[in-house]
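# Structural overview
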Amino acid sequence: MPTTALLMNGAAPAAEAVEGAAEQRSSPPTDMSGGAVAERSPAAPTAVGSSTQAGGGRGGPRRDRRPAVDQGTDKPRYLISDLCADLDGYLPPEQVSEVYRAYLYGADAHAGQQRQSGEPYIYHPIAVARILAELRMDHKCLIAAILHDVLEDTGKPKDELAALFDDEVAELVDGVSKLTQIDFPSRAEAQAANFRKMMLAMTRDIRVILIKLADRLHNMRTLGVMAPEKRRRISRETLEIYAPIANRLGINSLRLDLEDLGFRHLWPWRYHVLEAAVRGARQHQRELVANVETAVRRRLQQEGIDAEVSGREKHLFSIYRKMLEQAKSFKELVDVFAFRVIVERVDDCYRVLGQVHNLYKPVPGKFKDYIAIPKSNGYQSLHTVLVGPQGAPIEVQIRTRDMHRIADAGIAAHWLYKNAAEGAGAKALADDWLQNLLEMQRDSGDSQEFLEHVKIDLFPDEVYVFTPKGRILVLPKGATVVDFAYAIHSDVGNTCVAARIDRRLSPLRTVLRSGQTVEIINAPGAKPNASWLNFVVTGKARANVRSYLKNLQTQEAEALGRRMLNAELARFGQDVDSVGESVIAVYAREVHLDTPAALFAEIGLGNRLPLLVARRLVGVDGTGAQTEVPEEGSPRRLAIRGTEGMVVNLARCCRPIPGDAITGLFSPGKGIVVHRCECRNLGEFQSKRDKWLEVEWADDPKAEFQTEIRVEVGNRRGALATIAAAIAEQGSNIEYVNSREKDGMTSTLDFTINVHSRAHLATIMRRLRQIPLVVRITRLAR
């Protein structure tokens, strides 16, 4: 199907994995003296040859600024004089001079380097700094932006930056720099490790991510020189990671540009088709937009409400995303245009709401009050949808001027506006998110897992729920009771067993809805369950559950490994205690493990054979000198209790139970898999006898074990209920049942049941044979 048809039918693109971003750089020799920079005196920076003035002063961000353009070439021009002209509008002269000094250092460090477009490389850091200057960032952030590639690309040491500037600048530059000294097996692992490093640096100083977002934005603006495949890879990463981060921090101005450019380069044909469709709709609906805008403005003037009313065209990528989510073509989307009303005070917002609802009928269920309950990034506004002229839906946003500035700048408003109250809410919410990132990083096993958790947290359609004390928690759509518990505190999540939702008892997997009041019920001995990973949606909950399970597996593997080693040491008349902790520690260091506990865990996970370790230990004393090895005898069988946890697995093919003759097989990374000796699947391991382990059942196993039986019964009403009742009478629980008709006279019932032992199973089977309608009963082994 052509791409045009796909777009107009709302077809979603195929999901592809995110790969690491590649920087746009190459290093052929070039002469930097011929116009790459404009010289100026560091003592008194002024604009030289700038075709754009600073403007705007300290009052707010300047939107849609682009670099000056060289006459005759139409190429963007990135001169230090243009940057300094921007900075003169809000920084004192001595700080502008510091930025210029950083430029001189950066130009010297990048001398001879070019971008793939052929421009001197220093143009890129200047462009990044200009993007940050539009957000009115402080001079140290701008210095770090100019120097952000110096450590990575020029070999300059971090200590030199700290000495020439200060430690704060050096840390900012280091936070943005990639890990170039480490070789990674794959691009995905390298990208995840670099992302983890950057996010950890961001938790120490939020300006790190602002520099990275500006860096990515300029790279996206100049992405056209890249090969198509590289453009798609970088654009996909931008849409999946960097644009959502900008949204999470509330920096709408950067997010819109990143989404627009990512969409344009990832799906260029879809972008142009949709752009043409919106252009056509603009012509058709121009009169409608003008009439609504005039009607709203006139009504507010009649009521004495001072307000700015403007119609706006929705962002292309948001239109495309809505088409995908709602599976609609562009023609079916009628709310392509929206209106924004900006007032002075919060109470005016609600007055405006009443007037527009009086002017046009509201659509039920489409009103959202983000003023009373802000979004997780600090965004505040009233949203409503009205039935406009000719039945067309009209989306209206109502907010104050302060809210409008925060909606545009997000956390950057902390630097953008001098009033301390401006941006305070967005910064507090960002700080909470950063604290969650630290917890996720601590609980994640590796960088790729951390990246996965962060990406989950970056795409929230939110629900708002209440604690019993009235505190509001913002959670992603689809969040469950367990997600709510972990959002309160990790310990609350780890010990939760149920919840009361609006005073009604509910299970942990219950999906929450906005407006509900949730009370968590905890039990001191409760622990996370692996099944929670099937329904939790927040990165924090997933990271905590996975961390607990990994720690539990390590503890279980350590205990099992000690038992397995004791069983093999019995060949030589010894055990772990008689060999001694010091001897085991010496051997552990020889095999590059930190502690004896790590060695036991390796054995328990099946990564090391206990017999080989035992043979080595009995020949090593505390100093590592060789001694006489005792004569080898028979090994002691490892006793299986059924309660060892994740490191001892009972094979699903034959489902062994106490009383069966059993043997064990090593499964590297997982531990031991226990099979019945007559299991047919053991045949493929006959040539791998080193993987076999002598095991036996413990004298009194405490656990219940699953096994499968097949019962053939006559076709009569109530046959299944009769069989199930008989099984329950014998103290067994049915985990699963499958029924199918064999012929017209009989049916086959396959049961998975819990038993304590082979004797318990025999009792159940004898009881079933006493039922007249039972034709045959057998135990299954797959």
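Residues numbered from 1 in each chain as written. Predicted model: local features only at pLDDT ≥ 70, side-chain atom pairs only at ≥ 80, totals over all residues. Heavy atoms only, no water.

### Overview of the pattern of salt bridges
A full pass over the atoms with the stated rule returns 33 salt bridges. The partner of R207 in a salt bridge is D138, and the shortest N-O contact between them spans 2.8 Å. Taken together, the residues R207 in helix α10 (residues 207–221) and D138 in the loop between α4 (123–134) and α5 (139–146) connect sequence positions 69 residues apart. Considered together, R207 and D138 belong to a single accessibility category, that of buried residues. Here R345 makes a salt bridge to D348, at a shortest N to O gap of 3.2 Å. One salt-bridge network, in which partners are shared between bridges, spans D138, K140, D166, E168 and R207. (Salt bridge = Lys/Arg side-chain N within 4 Å of Asp/Glu carboxyl O. Helix = DSSP H or I, 4+ residues; strand = E, 2+ residues; numbered from the N terminus. Buried < 20%, exposed > 50% of the residue type's maximum accessible area, 1.4 Å probe, protein only.)

### As for the sheet that holds strand β23 (residues 774–779)
On the basis of which strands lie adjacent, the open sheet formed by four strands has the order β21-β22-β20-β23 and antiparallel pairing. A strand with exactly one partner marks an edge of an open sheet, and here the two such strands are β21 (734–741) and β23. Ignoring which end each strand starts from, the neighbouring axes of this sheet average 20° apart. Here five bridges tie strand β20 (residues 705–714) to β23, and the two strands are oriented antiparallel to one another. Following the sheet pairing, V713 is matched in β23 by V774. (Pairing = 2+ DSSP bridges. Axes fitted to C-alpha atoms, helices over the stretch in contact; angles between N-to-C directions.)

### Describing the nonpolar core
Counting 63 residues, the largest nonpolar core has L83, L87, L132, L142 and L147 as the members making the most contacts within it. Setting aside chain neighbours within four positions, we find L83 in contact with V99, I126, A129, R130, A133 and I146. Counting 51 residues, the second largest nonpolar core, distinct from the first, contains Y587, V591, I764 and M765. (Core = buried A, V, L, I, M, F, W, Y, C linked by side-chain atoms within 4.5 Å. Contact = heavy atoms within 4.5 Å.)

### Looking at the sheet that holds strand β18 (residues 692–693)
The strand order across the open sheet built from four strands is β15-β17-β16-β18, with neighbouring strands paired in mixed fashion. Every interior strand has two partners, whereas the edge strands, β15 (648–650) and β18, have only one. Looking at chain direction, strand β16 (residues 662–667) and strand β17 (residues 671–676) are connected through six bridges and run antiparallel. Its bridge partner being in β17, G664 is matched across the sheet by V674.

### Side note on helix α24 (residues 581–590)
Those residues of α24 that fall on the buried side of the exposure criterion are V583, I584, A585, V586, Y587 and A588. Where the residues of α24 are buried, they touch α23 (576–579), α25 (596–604) and α26 (610–617). Downstream of α24 by one or two residues, H592 has phi in the positive range, about 65°.

### Looking at the confidence of the model for the chain
A residue-level look at the chain finds 76% of positions with pLDDT of 70 or above and a mean pLDDT of 77. Averaged pLDDT values over the elements of the chain bottom out at 38 in helix α1 (residues 3–8) and peak at 93 in helix α28 (residues 758–769). A low-confidence stretch, residues 179–184 (pLDDT under 50), is modelled with eight contacts involving residues beyond four sequence positions or located in other chains. A low-confidence stretch, residues 620–634 (pLDDT under 50), is modelled with 29 contacts involving residues beyond four sequence positions or located in other chains. (pLDDT = per-residue confidence, 0-100.)

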